[in-house]
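Spelled out, the chains give:
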Amino acid sequence: MYDVIIIGGGPAGLASAKACLDKGLEKVLIVERDKELGGILNQCIHNGFGLHLFKEELTGPEFAGKFIDLLKDTKLEVMLDTMVLSIEDDHTVHVVNTVNGYQCLKAKSIILAMGCRERTRGAIAIPGTRAAGVFTAGTAQRYMNIDGYMVGKRVVILGSGDIGLIMARRMTLEGAKVLACVELNPYSGGLARNIKQCLEDFNIPLYLSHTITDIRGETRVEGVTVSAVDDHFQPIPGSEMYFDCDTVLLSVGLIPENELSKAADIKLDPRTKGPVVYENMETSQKGIFACGNVVHVHDLADNVALEAKKAGESAADYVNGLSNESETIMEVKTLPGVTYTVPQHIHFPLVKKSTDIFFRVNKIFGNSVILVTDEEGQIISQFKRQYVVPGSMEKIIVPKVMLDKAKGSITVSVKEVE
Amino acid sequence: MYDVIIIGAGIVGSSVAYYLSRYDLKVVLLEKDNDVSNGTTKANSAIIHAGYDPEEGTLMAKHNVRGSRLAKQLCEKLDVPYKQCGAMVLGFDEEDEKTVRMLYQRGLNNGVEGLEILNKEQILEKEPQISSEVRIALLAKTSAIVSPWEYALALAETAVRNGVELKLNNEVKAIKKTDETFLVTTDKGIYEGKYIINCAGLYADRIQEMAGEKEFEIRPSRGQYYLLDKAEGKRCTHTIFQCPSKVGKGVLVSPTVHGNLIVGPNAEESENDDTSTTMGGLAFVKAASRKSVPNVDFRENIRNFAGVRARSDRSDFILEESRSVKNLFNIAGIKSPGLSAAPSLALEAVEWLKGKGVVLTEKEHFIDERKRVRFKELSGEEKQELIRKEPAYGRVICRCETITEGEILDALKRPIPPVSIDGVKRRCNAGMGRCQGGFCSERVADILMRELHLNGLNILQDKEGSNVLLDYSKGGNSNV
């Protein structure tokens, strides 16, 4: 019997494992699908990791390495090259690998840290031929950084998510010509620093409010048509531009990987596509916690690790009988402009000093104020921001003393101010 | 010298090869692509139709009804995913009502079993997601769904196991008739044979013309589809048709044998090889499907594709000896219900050969079975046992579909091994799921490199020329 089984050995899994061990748990197991720990960090060979957590600029593998080093002389158990097939009743985890075959492992608590997957061509139904040469940015990144191959020479990138931007720079440095980065929205979905460092510094044009409307090429991509879109995202006839390219990279969003959670009847939030969680990262199933991109897509691995720390500590508390059960559940709601919050619920009376609320917005707000109001419209808390943008995750810390004043549920909204 | 040369390894050519492989004959199956079932066969609605749709007395009617019965037996014998889920043809107005009753009667005349007329309450009880505008429906209980590429592959594989020679990457360039034989020249070699069965699908008219005179013309008709995630796979449990019109059976909504939902097709004139989708075509399919099943969540789409039907200038199937060339048998213009009719059409070719005086002696050791491991369908104990014997079954490669390395290695050992990432997909389902190979294609490529001793730059997505990787990164080839 394990104290905690952690599903996934990426940044969320590693950081939550460390938290569990720091809290004194003895039997902690990470189950990892790949042949080594680190998850997607291993293919992220660019820098920018660890600025918040370690106060230094690390690459993805170095960031993972920091955690792996911290876990080296602990009692942590790791199963590599092992796939979790299902989570069954009583926290039983069914796994399979080549060494031990099919096994059912029991645990007092489970932490979901499976990360996310990339949205594909199908998800956005790009018309055209089915030629080879259309990749999600992450797949291309793996071919390049792990296997040492170039997926193409002349590239158009659809979507301005961070992986797409990073790959624009990476492919350019490897000698490919990145012809354009095309974004459906009137704003970029990536971090401002990546727009600057990955596109502008290399003179790669960014076409906002544009999309790919056709892919040509019989067996391998030979070109794409890019069109401007109107306010309803419909292509504007006559605005077509043709790019002669052999490769299309897609960076059109990430989706939390929750097939296991769904099969285990864990309640999901249709907005995040991740589990609905409480402030301690517990899911709708008692003793099952979640953290990282499986809950909601983060902007930075540092933030994943911080969230994972919370999940690990909560799982340890649960195993140690310090349950966070409460009769009074406070719901966290949103107004238009704010797409979701994490957590979605708060075990209200049990909050210690304060609670963090993470959220994202779906448009650019200039000088603005984030408002937390209660059911009667009373302002509980407010936070000033110079700007709030879709590409960055926003975080507010609501003090317990403020929550105490709230009547019923609370609502998060963003308002521009003069 | 071959007794029979079959041209084209789609569902029709594979069926002919399968039936001929029972006999002591020297048979070669020529295919221009690098895999079997890689044309029209792999891109269609994947339905084995009951047979109420084709007009009485047509070849389509006769072979649809017989072919669908054969399909059921063949799929069971050769371990092909097949499910008799039944179909409904919905009627929304008075005109439709007449059509539905006409189809019912036609079905009876064609000898279709298991037909029923349903009223609105009965329809909605069986299929609550259908539009409440519905008034009447024809229920065809024998209609089925199938994995079309695995169906053709299983037939071709069994044929090869029983001695048929399969020549992939052999595009027929010329056919010369001598007194008694044919010389078929491909881009790879020359094949001499006594009889030719033309199963060349979209290219059947060209094959006929290479051998003799022009007798018919293929008029390709493209159909576009949405394939949705398993989250939508239970939207309906029957194949849901609208009333047929002049252009075809209309847009259907159906579960697939793999648990997804398929929506399509439209019908539009096209070029032979143009399997591209268009914004207009997809928009039409989406809008048309709403009439029968209004709440399909298209945000769950995982793939769009188009297939090209091998329609001809004749209204019925072409199933006859060439009028201008003796000993050449055409199975052409095989539009819908071609997938359903295929085995029956193949038997017709066998009968023709018999009529020609070809002696059909049954083989003493004909292998008429096929099995493959589907890891995720096994019980816990079976999984454990399998991994103990073959550890590679313990490594999951495709996480969306839970496909193991063992299954891929098994496919590589079979009579028709895959040569591309999509070839692996068609055999094992790896990459068919919601991430569409985002995670596993690189791992599948790795297995192909290792097992086939390929350089990464030679890894194909699908057909020849569909190379996935175009170069090494700087210093990337140092570890090769």
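Residues numbered from 1 in each chain as written. Chains lettered and ligands numbered in written order. Predicted model: local features only at pLDDT ≥ 70, side-chain atom pairs only at ≥ 80, totals over all residues. Heavy atoms only, no water.

K.L.:
Requested: an account of helix α2 (residues 59-77) of chain B, with residues and values cited.
P.N.:
Residues and elements named next belong to chain B. With 19 residues, α2 should reach 27 Å at 1.5 Å per residue; the first-to-last C-alpha distance of 26 Å fits that figure. Residues Met 60, Ala 61, His 63, Asn 64, Val 65, Gly 67, Ser 68, Leu 70, Ala 71, Leu 74 and Cys 75 constitute the buried set of α2. Positive backbone phi, at 60°, marks Asp 79, one or two positions downstream of α2. (Helix = DSSP H or I, 4+ residues; strand = E, 2+ residues; numbered from the N terminus. Expected span 1.5 Å × (residues − 1). Buried < 20%, exposed > 50% of the residue type's maximum accessible area, 1.4 Å probe, protein only.)

K.L.:
Let's hear about the interface of chain B and chain A: which residues, and what values?
P.N.:
The interface is formed by 53 residues belonging to chain B together with 49 residues belonging to chain A. Seen at the junction of chain B and chain A, the total is six salt bridges. Measuring nitrogen to oxygen at the nearest pair gives 2.6 Å for the salt bridge that ties Arg 399 of chain B to Glu 257 of chain A. Here chain B and chain A share 21 residue pairs in polar contact (both at pLDDT 80 or more) between them. Secondary-structure elements contributing two or more residues to the side of chain B that touches chain A are α7 (279-292), β18 (301-309), α9 (380-389), α12 (441-452) and β23 (471-472) of chain B. For the side of chain B that touches chain A, the class distribution of residues is 21 nonpolar, 20 polar and 12 charged. By the bridge criterion, two bridges tie strand β11 (residues 149-150) of chain A to β23 of chain B in an arrangement that is antiparallel. Bridging from a neighbouring strand, Tyr 149 of chain A pairs with Tyr 472 of chain B of β23 of chain B. (Contact = heavy atoms within 4.5 Å. Salt bridge = Lys/Arg side-chain N within 4 Å of Asp/Glu carboxyl O. Polar contact = N/O pair within 3.5 Å; in protein donor to acceptor, adjacent residues only side chain to side chain. Nonpolar A, V, L, I, M, F, W, Y, C, P; charged D, E, K, R; others polar. Pairing = 2+ DSSP bridges.)

K.L.:
Got a sec to walk through the packing of helix α1 (residues 11-20) of chain B against helix α8 (residues 338-355) of chain B? Specific residues and values, please.
P.N.:
Residues and elements named next belong to chain B. One way to put it is that α1 packs onto α8 with a least axis distance of 8 Å and a crossing angle of 45°. Put simply, α1 runs oblique to α8. For the pair α1 and α8, the crossing hand works out as right-handed. The residues of α8 that touch α1, namely those facing Ile 11, Val 12, Ser 15, Val 16, Tyr 19 and Leu 20, are Leu 339, Ala 342, Pro 343, Ala 346, Leu 347, Ala 349, Val 350 and Leu 353. When the residues that make up the contact of α1 with α8 are grouped by side-chain class, the tally is 13 nonpolar, one polar and no charged. (Axes fitted to C-alpha atoms, helices over the stretch in contact; angles between N-to-C directions. Parallel < 35°, antiparallel > 145°, perpendicular 65-115°, else oblique. Left-handed = near helix turned anticlockwise from the far one by under 90°.)

K.L.:
Describe the pattern of salt bridges, naming the residues involved and giving the relevant values.
P.N.:
For the coordinates displayed, the defined rule picks out 69 salt bridges over all chains. The shortest N-O distance in the salt bridge between Glu 26 of chain A and Lys 75 of chain A comes to 2.7 Å. Remark: Lys 75 of chain A occurs in the loop between α2 (60-70) and β5 (77-79) and Glu 26 of chain A occurs in the loop between α1 (11-22) and β2 (28-31); sequence separation between them is 49 residues. Residues Arg 434 of chain B and Asp 229 of chain B are paired through a salt bridge, measuring 2.8 Å at the closest nitrogen-oxygen approach. You can see Arg 434 of chain B sitting in the loop between α11 (421-428) and α12 and its partner Asp 229 of chain B sitting in the loop between β13 (221-228) and β14 (239-242), a full 205 residues away along the chain. Judged by relative accessible area, Arg 434 of chain B falls into the buried class, the value being 16%. Here the residues in one salt-bridge network are Asp 79, Glu 150, Glu 157, Arg 370, Arg 372, Arg 374, Asp 410 and Arg 414 of chain B, joined through shared partners.

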